[in-house]
Amino acid sequence: MKSETQALHLARIMQRHMHTPSYEVVLPLVMVQSKKLKKLSVDDVLLTGFDKLEFLLIDGDVICANMQLKQMGTASETAICKLTKETVKQCDSKKYETLKISFGSVQIKAMELGQTIDITHIDLEKVTLVLKDKTIAEGSLVTVDEEIAIQIKEMN
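Structure report, in brief.

Some words on the layout of surface pockets
- Of the voids in this model, the largest pocket is the one considered here, and its volume is about 170 Å³.
- Around the largest pocket sit Leu29, Ile58, Gly60, Asp61, Val88, Gln90, Thr98, Lys100, Val130, Leu131, Lys132 and Asp133, which together line it.
- Counting residues per element, the ones that place at least two in the lining of the largest pocket are β7 (96–107) and β9 (126–131).
- A class-by-class count of the residues in the lining of the largest pocket yields five nonpolar, three polar and four charged.

Structural data, given as structure tokens:
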């Protein structure tokens, strides 16, 4: 028991002193009407408008890369298809809000075009909806009429 506690303590210390940059894995940003976000509740389905799974790597408010899911035999992996340094644009409209759909984070030593990124530790079924750096809901990916959507499981 004591060694298990020491191992957990050491893991926490190492996580605080990471030298490898960490990036958040998100779907492309979605514009949603403000009044619909206010009415969002458990078991609602939020349509994204995407018909294929693509990801962004974000560091704070900067989009660093675009990734695509690729089939490699029976397994899937993600690869960087575009490097960029764009600032996340917030919507200036009172009617719409910029919604970030996050899967979690990955650590990457150096980003290069075509590089594969290991996301096996990320559960692609579970997502977090973030609005203005605040978590508003958690949900899961679903398909509705061949379109990617999020089913809300928990409101924050």
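Let's pick the thread back up.
Description of the nonpolar core
- Judged by nonpolar contacts, the single largest core of 32 residues is most densely connected at Val25, Leu57, Leu99, Phe103, Val106, Leu129 and Ile150.
- Examining the composition of this core, we find that four residues originate from one element, β7, more than from any other.
- In this structure Leu57 touches Tyr23, Glu24, Val25, Val62, Ile63, Cys64, Ala65, Met67, Ile80, Val106, Ile108 and Met111, once residues within four positions along its chain are discounted.
- In this structure, Val26, Leu56, Ile63 and Val88 belong to the second largest nonpolar core, which totals five residues.

Considerations on the packing of aromatic side chains
- Enumeration over the complete set of coordinates arrives at one aromatic pair.
- Centre to centre, the rings of Phe55 and Phe103 are 5.4 Å apart; their planes meet at 75°, and the pair counts as edge-to-face. In this pair, Phe55 sits in strand β4 (residues 54–59) while Phe103 sits in strand β7, placing the two residues 48 residues apart along the sequence. Assigned by exposure class, Phe55 and Phe103 land together as buried.

Overview of the environment of Leu124
- For Leu124, the position within the fold is in the loop between β8 (116–117) and β9.
- You can call Leu124 partly exposed: its relative accessible area is 23%.
- It is 6.5 Å that separates the C-alpha atoms of Leu124 and Phe103, two residues lying 21 residues apart in sequence.
- If we ignore the near neighbours within four places in the chain, the residues touching Leu124 are Phe55, Phe103, Ile119 and Leu141.

Quick look at the side chain of Thr84
- Residue position: Thr84 is located in strand β6 (residues 75–87).
- Judged by relative accessible area, Thr84 falls into the buried class, the value being 13%.
- Ignoring sequence-local partners within four residues, the contact set of Thr84 consists of Ile63, Cys64, Ala65 and Asn66.

Quick notes on the pattern of salt bridges
- The final tally for this structure, using the stated rule, is three salt bridges.
- Its salt-bridge partner being Glu24, residue Lys100 comes within 3.1 Å of it at the nearest N-O pair. In this pair, Lys100 is assigned in strand β7 and Glu24 in strand β1 (residues 22–26), connecting sequence segments 76 residues apart.
- Overall, the relative accessible area of 13% leaves Lys100 in the buried class.

Topic: a positive patch on the surface
- A cluster of like positive charges, contributed by Lys35, Lys36, Lys39 and Lys95, occupies part of the molecular surface.
- Taking the relative accessible area as the measure of exposure, Lys95 reaches 62% and is therefore exposed.

Things to note about the pairing of β9
- Where β7 meets β9, four bridges bridge the pair, whose relative direction is antiparallel. Its bridge partner lying in β9, Lys100 is registered against Val130.
- Two strands pair when backbone bridges link them, and β9 and strand β10 (residues 134–144) are joined in this way by six bridges, in the antiparallel orientation. What sits directly across from Leu129, in β10, is Ala137.
- Two successive antiparallel strands, β9 and β10, enclose a turn made up of two residues, where Lys132 displays a positive phi of approximately 55°.

About the thresholds
- Residues numbered from 1 in each chain as written.
- Predicted model: local features only at pLDDT ≥ 70, side-chain atom pairs only at ≥ 80, totals over all residues.
- Heavy atoms only, no water.
- 1 Å grid on protein atoms, 1.4 Å probe; cavity = no way out; pocket = protein on both sides within 12 Å on 5 of 7 lines; lining within 4 Å.
- Points joined across faces, edges and corners; volume = space filled by probe spheres on them.
- Helix = DSSP H or I, 4+ residues; strand = E, 2+ residues; numbered from the N terminus.
- Nonpolar A, V, L, I, M, F, W, Y, C, P; charged D, E, K, R; others polar.
- Core = buried A, V, L, I, M, F, W, Y, C linked by side-chain atoms within 4.5 Å.
- Buried < 20%, exposed > 50% of the residue type's maximum accessible area, 1.4 Å probe, protein only.
- Contact = heavy atoms within 4.5 Å.
- Phe/Tyr/Trp six-rings, centres within 6.5 Å; stacked < 30°, edge-to-face > 60°.
- Salt bridge = Lys/Arg side-chain N within 4 Å of Asp/Glu carboxyl O.
- Patch = residues over 30% accessible without salt bridge, like charges linked within 9 Å, V, L, I, M, F, W, Y side chains within 5 Å.
- Areas by Shrake-Rupley, 256 points an atom, 1.4 Å probe, with all protein chains shown as cover.
- Lys, Arg positive; Asp, Glu negative; His and termini not counted.
- Charge placed at Lys NZ, Arg CZ, Asp CG, Glu CD.
- Pairing = 2+ DSSP bridges.

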